[in-house]
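Okay, here's what each chain looks like letter by letter:
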Amino acid sequence: MSTTATNDNLTITAAGAALDDLRAARPLVQNITNYVAMTISANVLLALGASPAMVHAPEEAADFAAISSSLVVNIGTLSESWVDGMRRAVLRMNEDGKPWVLDPVGCGATPYRTAVAVELSRLRPAIIRGNASEIMSLAGASGAGGKGVDSTTSSDAAIAAAQALARETGAVVAVTGETDYVTDGAIVVAITGGHALMPLSTALGCALSATVAAFAAIRPPMEAAVSALAVYGAAGALGAENLAGPGLLPAALCDMLYGLDAESVAAFAGVQVMETV
Ligand SMILES: Nc1ncnc2c1ncn2[C@@H]1O[C@H](COP(=O)(O)OP(=O)(O)O)[C@@H](O)[C@H]1O
Ligand SMILES: Cc1ncsc1CCOP(=O)(O)O
Ligand SMILES: [Mg+2]
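Residues numbered from 1 in each chain as written. Chains lettered and ligands numbered in written order. Predicted model: local features only at pLDDT ≥ 70, side-chain atom pairs only at ≥ 80, totals over all residues. Heavy atoms only, no water.

By the naming in an unreviewed UniProt entry, the protein goes by Hydroxyethylthiazole kinase and is assigned to Kaistia geumhonensis. Turning to the protein, the UniProt record has this under Catalytic activity (unreviewed entry): "5-(2-hydroxyethyl)-4-methylthiazole + ATP = 4-methyl-5-(2-phosphooxyethyl)-thiazole + ADP + H(+)". Word for word, the UniProt comment on the protein under Sequence similarities (unreviewed entry) is "Belongs to the Thz kinase family." (UniProt positions renumbered as here; feature names shortened; annotations may be inferred.)

Next comes the structure, spelled out in structure tokens:
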């Protein structure tokens, strides 16, 4: 595994290679996620070739972190005991030098949710992945909008906030929408793919954050985030191709992730390095 992301690693070809490596490694991914997202996140990870486990109790969250390759922390249906489990798990991951991903679901919707998202973002996540309203709110940017857990803002409008958040936290930040963007505060990478039906099926963003955690187990943060978004975007585009609506999309997405190869990733998604500050 390379330890630094150069622009050579931030390509659609590198994303296809990362998918092969992920299937070979079969990492154990701990998920502290919400009630809505648990089943689709586990199915997406299994279809990709990773091993999911949903473990959030404060009594065991840190012990499970000790045996996991990576962790996703998702605040979708948070309560104080869950947040206690999150803190314990991330501290253990940090102690062991292993990556974890933050999904700040609904950041900005309530003061409690925002405060927890801000606190977790300062605990050194490797990657933060959210929709445009969540990332702008977490960055303290004006005009974040947001409607509960849904974005009311385009990802294009959130690029500067994502860069600022990356600089402030040291995390790689992935902001998703019609076009996805990944930044370490300097480089910005645009990822195309996906389908307009995806935001109409609940928890596909959460399952994407779990996917980002799986790739973080085998790649450094920039490359992990870009690869995960490209692979997921290709599977989403392929899966939604002949559907009448969003109902069957989660199943189609899993089928496409299961069968995806590097050629299909390159055909149905794109990766473009936009700028280096
Ligand atoms: N209009 C769109 N066109 C294509 N893909 C989209 C669109 N909106 C969201 N997606 C995709 O849906 C997935 C979830 O992203 P998003 O809807 O932004 O997150 P969340 O569910 O957390 O709000 C990502 O893979 C993203 O690229
Ligand atoms: C509907 C809902 N309510 C609380 S968490 C959640 C799922 C959100 O999933 P996503 O962020 O992937 O749309
Ligand atoms: Mg979300």
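**Q** Can you help me understand the site of ligand 2 in this one?
**A** With respect to spatial proximity, the complete set of residues near ligand 2 consists of Asn 34, Val 36, Gly 76, Val 149, Thr 202, Ala 203, Leu 204, Gly 205 and Cys 206. In the environment of ligand 2, an oxygen atom lies 3.5 Å from a nitrogen or oxygen atom belonging to the backbone of Leu 204. Relative to its unbound accessible surface of 370 Å², ligand 2 loses 77% to contact with the protein. In terms of residue class, the shell around ligand 2 is made up of five nonpolar, four polar and no charged. (Near = heavy atom within 4 Å. Polar contact = N/O pair within 3.5 Å; in protein donor to acceptor, adjacent residues only side chain to side chain. Areas by Shrake-Rupley, 256 points an atom, 1.4 Å probe, with all protein chains shown as cover. Nonpolar A, V, L, I, M, F, W, Y, C, P; charged D, E, K, R; others polar.)

**Q** Explain helix α1 (residues 12–25) here, please?
**A** Under the 1.5 Å per step criterion, the end-to-end length of α1 is 20 Å for 14 residues, consistent within 8% with the ideal 20 Å. If you check which residues of α1 are buried, you get Ile 12, Ala 14, Ala 15, Gly 16, Ala 18, Leu 19 and Leu 22. Two residues or fewer after α1 comes Arg 26, characterised by a positive phi angle close to 45°. (Helix = DSSP H or I, 4+ residues; strand = E, 2+ residues; numbered from the N terminus. Expected span 1.5 Å × (residues − 1). Buried < 20%, exposed > 50% of the residue type's maximum accessible area, 1.4 Å probe, protein only.)

**Q** I tried to follow the environment of Gly 205 on my own but got confused; where do I start?
**A** Position of Gly 205 relative to the elements: it lies in helix α8 (residues 204–216). Between the C-alpha atoms of Gly 205 and Ser 41, which are 164 residues apart in sequence, the distance is 9.4 Å. Dropping the residues within four chain positions of it, Gly 205 is found in contact with Asp 103 and Arg 129. (Contact = heavy atoms within 4.5 Å.)

**Q** Please clarify how the site of ligand 1 should be interpreted in this entry.
**A** Around ligand 1, a shell composed of 15 residues is seen, among which Arg 129, Asn 131, Thr 176, Asp 180 and His 195 lie nearest. His 195 has a polar backbone atom sitting 3.1 Å from a nitrogen atom of ligand 1. Within the complex, 84% of the 550 Å² of free accessible area of ligand 1 lies under protein. Mapped onto the shell around ligand 1, the elements with two or more residues apiece are β5 (127–131) and α8.

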